[in-house]
Amino acid sequence: MLPITMQHAWEFFSSPKNLAKITPERMGFEILSISGGDKMYAGQIINYKIKILPFYRARWTTEITHVQEPFYFIDEQRFGPYALWHHQHHFKEVPGGVEVTDDVHYAIPFGFLGRLANAVFVQRELNTIFEYRNAILQKYFPSGDKTMLKSA
């Protein structure tokens, strides 16, 4: 739960530029392009690079496929490191703030080797990324402080 309003949650999370703020620095997250400006809309395409392994930077293209302001939006990979990436971002007003929920469905390419990689490190790495996001969001939004809500 974040001690902010639905509108503030939407303003922060619906800006692709804020993704770098909540992604571990070691991942070298870099936005290459955002179609149609900064306001999120269904059909928006976002291109970026991200370090997947210490020696490998991948290009990743996602499309915002659904937007229901201020309740949820969905991004799906169009090109990138996963065979499938479907990420739902949900926002629900609760007493004292907003509950933010991420629902991620993904698949790794390369059959058996991909399943092995997922079991050995991919699933653990995704959990680590979302744990990092939770921790950094608690720092961004302590006790209802809205001073850090501005987009990049």
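Provided above is the structure to which this section pertains.
What counts, and at which threshold
- Here, residues in each chain are numbered from 1, in the same order as that chain's written sequence.
- In keeping with the model being predicted, local features are shown solely for residues with a pLDDT of at least 70 and side-chain atom pairs are shown and tallied solely at 80 or more, while totals for entire chains, interfaces and linings include all residues.
- The side-chain values count all of the structure's non-hydrogen atoms but skip hydrogen atoms and water molecules.
- Remark: nonpolar core denotes a set of buried residues (Ala, Val, Leu, Ile, Met, Phe, Trp, Tyr, Cys) joined through side-chain atoms within 4.5 Å.
- Relative accessible area decides the class of each residue, using a 1.4 Å probe on protein chains only: under 20% of the type maximum gives buried, over 50% gives exposed, and in between gives partly exposed.
- Helix and strand definitions here come from DSSP, where helices need a minimum of 4 consecutive H or I residues and strands a minimum of 2 consecutive E residues; each element is numbered from the N-terminal end.
- Two strands make a pair as long as DSSP finds a minimum of two bridges between them.
- Note on geometry: axes are C-alpha line fits, over the in-contact stretch for helices, and angles between N-to-C directions span 0 to 180 degrees.
- Picture the helix axis, draw a direction to every C-beta atom, and the arc is the one those directions span.
- By definition, residues are in contact when any of their heavy atoms lie within 4.5 Å.
- To count toward a patch, a residue needs a relative accessible area above 30% and no salt bridge. Like charges then connect within 9 Å, nonpolar side chains (Val, Leu, Ile, Met, Phe, Trp, Tyr) within 5 Å.
- Surface accessibility in these figures is a Shrake-Rupley result with a 1.4 Å probe; residues are shielded only by whichever protein chains are displayed.
- By salt bridge we mean one thing: a side-chain nitrogen of Lys or Arg within 4 Å of a carboxyl oxygen of Asp or Glu.

Thoughts on the nonpolar core
Here's step 1: Core analysis: the biggest nonpolar cluster contains 29 residues, and Phe12, Phe13, Phe73, Phe91, Leu137 and Phe141 have the highest contact counts within it.
Here's step 2: Breaking this core down by element, the ones donating at least two residues are helix H1 (6–13), strand S2 (45–53), strand S3 (56–68), strand S5 (84–94) and helix H2 (111–140).
Here's step 3: Sort the elements by how many residues they give to this core and H2 lands first, with 7 residues.

Quick word on the environment of lysine 21
Here's step 1: Note on placement: lysine 21 falls in the loop between H1 and strand S1 (30–34).
Here's step 2: Expressed as a C-alpha distance, the spacing of lysine 21 and isoleucine 74, which sit 53 residues apart in the sequence, is 19 Å.

Remarks on the sheet that holds S5
Here's step 1: Pairing in this open sheet of 6 strands is antiparallel, and the strands run S1-S2-S3-S4-S5-S6 from one edge to the other. Of all the strands in the sheet, the pair left with one neighbour each is S1 and strand S6 (97–107). Looking at each pair of strands side by side, their axes are set apart by 25° on average, direction ignored.
Here's step 2: When S3 meets strand S4 (residues 72–79), the two strands line up antiparallel, connected through 7 bridges. By the bridge assignment for S4, valine 67 is matched with phenylalanine 73.

Observations concerning the pairing of S6
Here's step 1: Bridge count for S5 against S6 is 11 bridges, and the pairing is antiparallel. Residue pairing across strands places phenylalanine 91 opposite valine 100, the latter belonging to S6.
Here's step 2: The hairpin formed by S5 and S6 contains 2 residues between the paired strands, and glycine 96 there has a positive phi angle of roughly 90°.

So, H1
Here's step 1: Listing the buried residues of H1 in full gives Met6, Ala9, Trp10, Phe12 and Phe13. Around the axis of H1, the buried residues are gathered within 165° of arc, so they sit on the same side.
Here's step 2: In the core, the buried residues of H1 are packed alongside S3, S4, S5, S6 and H2.

Observations concerning a nonpolar patch on the surface
Here's step 1: There is a patch of nonpolar side chains on the surface, built from Phe110, Phe112, Leu113, Leu116, Val120 and Phe121 and spanning about 670 Å² of accessible area.
Here's step 2: Here phenylalanine 121 is to be found in helix H2.

Considerations on the pairing of S2
Here's step 1: Sheet analysis places S1 next to S2, joined by 4 bridges and oriented antiparallel. Among the inter-strand pairings, isoleucine 31 is bridged to a residue of S2, identified as tyrosine 48.
Here's step 2: Here 8 bridges tie S2 to S3, and the two strands are oriented antiparallel to one another. The residue bridging tyrosine 48 from the neighbouring strand is tryptophan 60, located in S3.

Remarks on the pattern of salt bridges
Here's step 1: Evaluation of the coordinates by the stated rule reveals 6 salt bridges.
Here's step 2: Among the salt bridges present, the one from glutamate 30 reaches arginine 57, with a minimum N-O distance of 3.0 Å. Within this pair, whereas glutamate 30 is found in strand S1, its partner arginine 57 is found in strand S3, the two being separated by 27 residues in sequence.
Here's step 3: With a relative accessible area of 37%, glutamate 30 lands in the partly exposed category.
Here's step 4: Put simply, arginine 78 and glutamate 76 hold a salt bridge, and the shortest N to O gap is 3.2 Å.
Here's step 5: Here arginine 78 falls in the partly exposed class, since its relative accessible area comes to 36%.
Here's step 6: Ionic contacts of the salt-bridge type, sharing partners, join the residues Glu63, Glu76 and Arg78 into one network.

Keep in mind these values describe shape, not function.
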